[in-house]
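# Working through the structure, step by step
Next come the chains, spelled out residue by residue.
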Amino acid sequence: MRKHTRREFVKIVGLSGSGLLLAAYVPASILNAKPDGEPKIFSPSVYLQIDSNGIVTVFVHRTEMGQGVQTSLPMLVAEELEVEVDKIRVIQANADSKYGSQSTGGSWSIRSTFEPFRVAGATARMMLISAAALKFGLDESKCFAENGYIKNSVNNKSFSYAELVDDAAKLTVPKDVKLKDPKDYKIIGKRVPRTDTPDKLFGKAKFGIDIALPGMFYAVIKRPPVYGATLKNFDDSKAKKVNGVVEVIQISRGVAVIASSTWSAIKGRDALVIDWDLGSNVNVSSDSIKKEMESHISSDGFTLEEYGNPFSGNSKDAKVIEAIYEVPYIAHAPMEPVNAVANITKDKAEMWVSSQNPQDAQNRVAQLLNRKPEDVVLHVTFVGGAFGRKLRSDFAVEAAEISNVSGKIIKLMWTRDDDMKYGYFRPTSMHSMKGIVAENKVMEFKHHIIATSIRAQDQGMPKTAREYDIAGSATGWKYKFPYNRVSGTVVNTPVLISWLRAVYGTQNPFAIESFIDELAFAAGKDPLELRKELLVEDSRLKNVMLVAANKAEWNKKLEPGRGRGIAIYEGYNSFCALVAEVTVTGSKLKVDKYVAVIDCGIVVNPDTLESQIEGSIAFALSAALKQKITIRNGAIEQSNYDDFPMLTLSEMPEVEVHIIPSVEKVGGIGELAIAPVAPALCNAIFNASGKRIRKLPIELI
């Protein structure tokens with residue numbers, strides 16, 4: 001009997017957003033077509049299979065990079081399938097279009113798959129019940145699923161799922177399945193330990209950097225020293241004399257040195273003599289980019305949002321408040337630098353990549369090799385930090401190119417210096433803010449964003465408001481200003497930019513929520529009271545703010561030198577409020593505490609949520625307090641954690657996380673708390689010291 005692949009019998013019947021709303025057509029004859037001795041498989045969806053040995057397997061199509069997706073997604077299946085989570089085998093899916101989007105970004109992993117994964121579990125449960133009812137000779141209403149068995153309420157007999165695989169596979173997959181009511185959840189909402197933690201603790205987990213294949217060689221690349229520089233010629237005679245170096249080749253983005261070890265490859269690279277044409281960007285610097293942005297401050301910019309009527313009153317106490325906020329380039333700086341393993345032969349293309357965007361890597365490698373995407377097998381590994389950097393696939397393409405040209409199995413390594421100097425960066429931006437306060441009220445709010453644009457660099461200059469990605473997290477706020485205008489100006493530079501965790505949410509809310517504090521001060525009002533006036537009544541955003549203020553004891557007086565600041569944020573269908581507490585002594589700052597209140601609808605795993613919020617605060621504090629990428633002579637100046645530092649353990653403040661109970665639609669949490677960290681902190685500094693911070697990273701002089 002012919003052996004069929006899963007692709008042959010899985011039929012995807014619907015798509016929703018970036019995830020799948022699926023059912024499946026599962027012909028029994030095909031399901032039973034397994035060689036003798038192998039377990040028969042019942043697979044009612046691409047995410048789930050149950051075999052005749054009783055093993056339940058969930059295929060996780062999103063990348064596990066520390067956010068707990070290999071635990072939360074199986075929890076959704078387990079809830080509807082009525083099995084214990086720790087009995088589920090989890091497999092990281094390879095890149096494959098049958099899963100829909102596999103991009104792990106935008107805080108989509110749970111909110112886009114909350115329903116499809118439950119549908120997968122519920123579909124299997126219903127089919128197993130139908131199969132059991134036929135074997136019992138009872139109506140389905142007399143049967144129910146419990147802990148891996150289908151039981152009946154007439155004589156209390158039962159069949160295990162393993163015993164029902166054959167019969168369930170012969171049934172037609174139901175098109176509509178009834179999902180549990182949230183009040184009946186047994187697993188969703190409970191604290192479940194991370195399934196990937198034990199292997200990571202004991203060193204068994206395989207990150208991309210851990211992949212090693214027999215006969216594999218290591219490669220590093222010498223890249224252009226200046227943005228836009230081109231290779232004129234190179235001398236590799238000294239490099240080839242380095243012990244372990246086996247080959248030096250020119251590739252699209254520089255010169256690759258291939259060796260028997262990473263160290264030999266690096267030493268060989270150091271010995272290369274290359275003549276570059278540095279081009280016209282050699283004079284680009286942080287100062288020149290800043291001057292370019294400053295030249296647009298007085299312009300109106302392209303209108304991105306506008307409502308209400310400009311203030312035309314004659315109030316004698318009307319005040320015009322103006323301020324400029326600045327945010328620098330920063331690097332993603334993941335602990336695991338980007339890397340990839342490629343084995344490209346005439347007949348086979350196989351990759352191992354720690355990627356957030358495996359289908360993009362698969363497609364780009366296929367394009368490079370002039371093959372079909374399905375002819376490139378791309379294995380997804382654990383990711384040791386990414387923060388958006390590994391949404392790009394440049395390193396996978398480089399590895400494939402070197403393997404293809406050399407005919408060798410290649411592990412491409414980027415050193416941390418490579419990653420810091422030649423990677424992608426969070427865009428820089430400048431924010432011209434203007435407000436009018438009269439009769440103790442805010443009458444006008446204007447925000448002109450002057451920024452480098454990821455979209456413009458990738459796809460060309462925007463032509464409509466919708467195409468201005470620099471407006472991310474700057475429009476649609478729930479504040480009720482009598483007049484509001486948000487405008488944008490895109491500035492082009494040769495510095496490569498890309499999505500960093502929360503993207504423009506790391507910039508625009510800093511300016512907006514800090515300036516709201518400035519307007520409150522000008523109006524003679526408490527910042528919390530002004531926000532209460534401006535926010536829509538009975539909104540979830542207002543609720544998290546009020547709960548945060550209560551939990552943080554907002555009205556409790558602090559001793560001199562200490563201060564509180566508040567900031568709020570709505571995004572990813574979720575709501576967040578942060579209250580920061582600080583101590584300022586002269587030019588020294590100590591961040592004492594953050595109180596976080598989150599409303600993200602139904603919570604799948606509270607433990608994961610709390611970890612995400614704590615991690616977000618540490619991540620955003622690193623950027624607010626320490627991090628800045630600068631450009632000199634057309635190149636990045638920083639190279640490692642010594643000149644691009646991270647928050648240390650001793651600097652981490654106490655963090656309280658409070659979750660609003662809810663049955664609302666599931667929202668994202670991976671990036672939610674990033675946005676309010678910096679403004680809450682800067683507002684607290686002003687409250688403690690009277691010093692207004694308008695430029696990141698924070699410098700107290």
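Read on for a plain summary of the structure. Keep in mind that this is a model prediction, so the values were computed, not measured. (Residues numbered from 1 in each chain as written. Predicted model: local features only at pLDDT ≥ 70, side-chain atom pairs only at ≥ 80, totals over all residues. Heavy atoms only, no water.)

Right, let's get into unusual backbone geometry. Geometrically, the link from Leu-696 to Pro-697 is a cis peptide bond, its omega value of -5° lying close to zero. In this structure, Glu-553 takes a positive phi of about 55° despite not being glycine. Turning to its location among the elements, Glu-553 is positioned in the loop between α16 (540-551) and β26 (562-571). Notably, Asn-573 is not glycine yet its phi reads approximately 65°, a positive angle. (Helix = DSSP H or I, 4+ residues; strand = E, 2+ residues; numbered from the N terminus.)

Under the 1.5 Å per step criterion, the end-to-end length of helix α17 (residues 606-625) is 28 Å for 20 residues, consistent within 8% with the ideal 28 Å. Counted residue by residue, α17 has 14 buried out of 20 residues, so it is predominantly covered. (Expected span 1.5 Å × (residues − 1). Buried < 20%, exposed > 50% of the residue type's maximum accessible area, 1.4 Å probe, protein only.)

Any two side chains of opposite charge can pair if their charged atoms end up close together. One pass over the structure, following the stated rule, counts 47 salt bridges. Between Glu-518 and Arg-694 there is a salt bridge, and its shortest N-O distance comes to 2.9 Å. Here Glu-518 is found in helix α14 (residues 508-523), whereas its partner Arg-694 is found in the segment after α18 (674-689), with 176 residues between them in sequence. Overall, Glu-518 belongs to the buried group, its relative accessible area being 8%. A salt bridge links Arg-562 to Glu-559; its shortest N-O distance comes to 3.6 Å. A cluster of three or more residues bridged by salt bridges with shared partners is formed by Arg-223, Arg-253, Arg-389, Asp-394, Glu-398 and Asp-419. (Salt bridge = Lys/Arg side-chain N within 4 Å of Asp/Glu carboxyl O.)

In this section: the sheet that holds strand β4 (residues 48-51). Within a sheet, neighbouring strands are paired by backbone hydrogen bonds and run either parallel or antiparallel to one another. Sheet architecture is open: four strands sit in the order β3-β4-β5-β6, paired in mixed fashion. Looking at which strands have only one partner, the edges of the open sheet turn out to be β3 (41-45) and β6 (88-92). This sheet shows a mean twist of 25° between the axes of neighbouring strands, independent of strand direction. Alignment of β3 against β4, held across three bridges, turns out to be antiparallel. Paired with Ile-41 across the two strands is Asp-51, which belongs to β4. Where helix α3 (residues 69-81) meets the sheet, it contacts β4, β5 (56-60) and β6, and its direction lies at approximately 135° from that of β5. (Pairing = 2+ DSSP bridges. Axes fitted to C-alpha atoms, helices over the stretch in contact; angles between N-to-C directions. Contact = heavy atoms within 4.5 Å.)

One way to put it is that helix α15 (residues 527-534) packs onto α16 with a least axis distance of 11 Å and a crossing angle of 160°. Considered as vectors, α15 and α16 are oriented roughly antiparallel to each other. For the crossing formed where α15 meets α16, the hand is left-handed. Across the interface between the two elements, Leu-528, Arg-531 and Lys-532 from α15 touch Lys-542, Met-545, Leu-546 and Ala-549 from α16. When grouped by side-chain class, the residues that make up the contact of α15 with α16 number four nonpolar, no polar and three charged. (Parallel < 35°, antiparallel > 145°, perpendicular 65-115°, else oblique. Left-handed = near helix turned anticlockwise from the far one by under 90°. Nonpolar A, V, L, I, M, F, W, Y, C, P; charged D, E, K, R; others polar.)

Moving on to the nonpolar core. Counting 116 residues, the largest nonpolar core has Tyr-594 and Leu-681 as the members making the most contacts within it. Broken down by element, this core gets its largest block of residues, ten residues, from α18. Filtering out sequence-adjacent residues up to four positions away, Leu-681 remains in contact with Ala-580, Val-582, Leu-589, Val-591, Tyr-594, Leu-621, Ala-624, Leu-625 and Ile-698. With 49 residues, the next largest nonpolar core counts Ile-88, Cys-143, Ile-188 and Ile-602 among its residues. (Core = buried A, V, L, I, M, F, W, Y, C linked by side-chain atoms within 4.5 Å.)

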